[in-house]
Amino acid sequence: MTSQNISFEVRGAGELLSHTCLWQSEADAPECTIELPRDGEIILSCTSVGKITMEGGLHLDMTRSQAGVRLFTWSPTARTEGEDGDEASITIEHPSDDFPELTINIVRAEEAALSVEAEEPVVEIDRDSLRGFFTAYGAYIVAGLAAVGALIFALLMPAHRDELIGGAAGIAIWGYLATDEGDKFRARLLLFLGAGLTMCFAMAMPGSADELIGGAGLLSMLAILCGDNF
């Protein structure tokens, strides 16, 4: 097992707050902070749980807990004598040593609140498949094809050859530097296609070629700068 779901629930007076995330091996544990009212409850749901350590007046209610679910409350003494702002913590160890300790920080408050920060799960890309290859390197391929397209237009439009060759070099170099493996490229592809269509109009309308080539260059710049956003 390299990861498992872990759910946090906080119950206050008429409130139920919840969040589910991954607890992963060899990765930072989720950071959880809870504001717990005097009569509030914390419900932790997780398949595999090892040693549990509590500090600061918390109580593990075993009569209401069950397999995979642990219910925590303030102890009777802490409910009676505790004050708002009192702090407590729950530290949970996983049966596997590969998992980091998970610590839940708790503060007594009038109203319940729950905050969880967790790492996004790492998605492995299968580069051996065609789809995985394009997922990993598609953004690079699109930029390379756009540079080749600019060179083709340089051959077809001798009067603008120098600027189009320079544009092709800029697309190739800038596209490489501004791209990371796995970047999304749908928007980049559409913008480069728009630039190519604009260049076709530039060929058909020589009198407006300079303006249209400038528009194609702007679309290419947007493709490189913004093309990995969606």
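Above this text you will find the structure in question.
Residues numbered from 1 in each chain as written. Predicted model: local features only at pLDDT ≥ 70, side-chain atom pairs only at ≥ 80, totals over all residues. Heavy atoms only, no water.

Caption draft 1: Main features of a nonpolar patch on the surface. Together, Val148, Ile152, Leu155, Leu156 and Met203 give the surface a local cluster of nonpolar side chains, amounting to about 470 Å² of exposed area. Looking at the nonpolar patch, the element that brings in the most residues is helix 2 (residues 130–156), giving 4 residues. With respect to the helices and strands, the residue Ile152 is situated in helix 2. With a relative accessible area of 46%, Ile152 lands in the partly exposed category. (Patch = residues over 30% accessible without salt bridge, like charges linked within 9 Å, V, L, I, M, F, W, Y side chains within 5 Å. Areas by Shrake-Rupley, 256 points an atom, 1.4 Å probe, with all protein chains shown as cover. Salt bridge = Lys/Arg side-chain N within 4 Å of Asp/Glu carboxyl O. Helix = DSSP H or I, 4+ residues; strand = E, 2+ residues; numbered from the N terminus. Buried < 20%, exposed > 50% of the residue type's maximum accessible area, 1.4 Å probe, protein only.)

Caption draft 2: Spotlight on the sheet that holds strand 1 (residues 3–12). As summarised here, the arrangement of the 5 strands in space is 2-1-4-7-6, forming an open sheet in which the pairing is antiparallel. The open sheet terminates on both sides in strands that have one partner only, identified here as strand 2 (15–24) and strand 6 (58–60). Sheet twist, expressed as the average angle between the axes of neighbouring strands with direction ignored, equals 20 degrees. Bridge analysis of strand 4 (residues 41–46) against strand 7 (residues 69–74) gives 5 bridges, and the strand direction is antiparallel. For Glu41, the partnering residue across the bridge sits in strand 7 and is Thr73. (Pairing = 2+ DSSP bridges. Axes fitted to C-alpha atoms, helices over the stretch in contact; angles between N-to-C directions.)

Caption draft 3: Quick look at the sheet that holds strand 5 (residues 52–55). With mixed pairing, 5 strands are arranged side by side in an open sheet as 5-8-9-3-10. Lying at the two open borders of the sheet, with one neighbouring strand each, are strand 5 and strand 10 (113–117). Direction aside, neighbouring strands of the sheet carry axes that sit 15 degrees apart on average. Sheet topology places strand 5 next to strand 8 (residues 87–92); 4 bridges connect them, and they run antiparallel. Opposite Glu55, over in strand 8, you have Ser89 as the bridge partner.

Caption draft 4: Region of interest: the pattern of salt bridges. By the definition in use, this model includes 3 salt bridges. When the shortest N-O distance is used, the salt bridge between Arg11 and Glu9 registers 3.9 Å. The salt bridge involving Asp86 is made with Arg108; its shortest N-O contact spans 3.9 Å. Here Asp86, found in the loop between helix 1 (76–81) and strand 8, pairs with Arg108, found in strand 9 (residues 102–108); they are 22 residues apart in sequence, far enough to count as distant.

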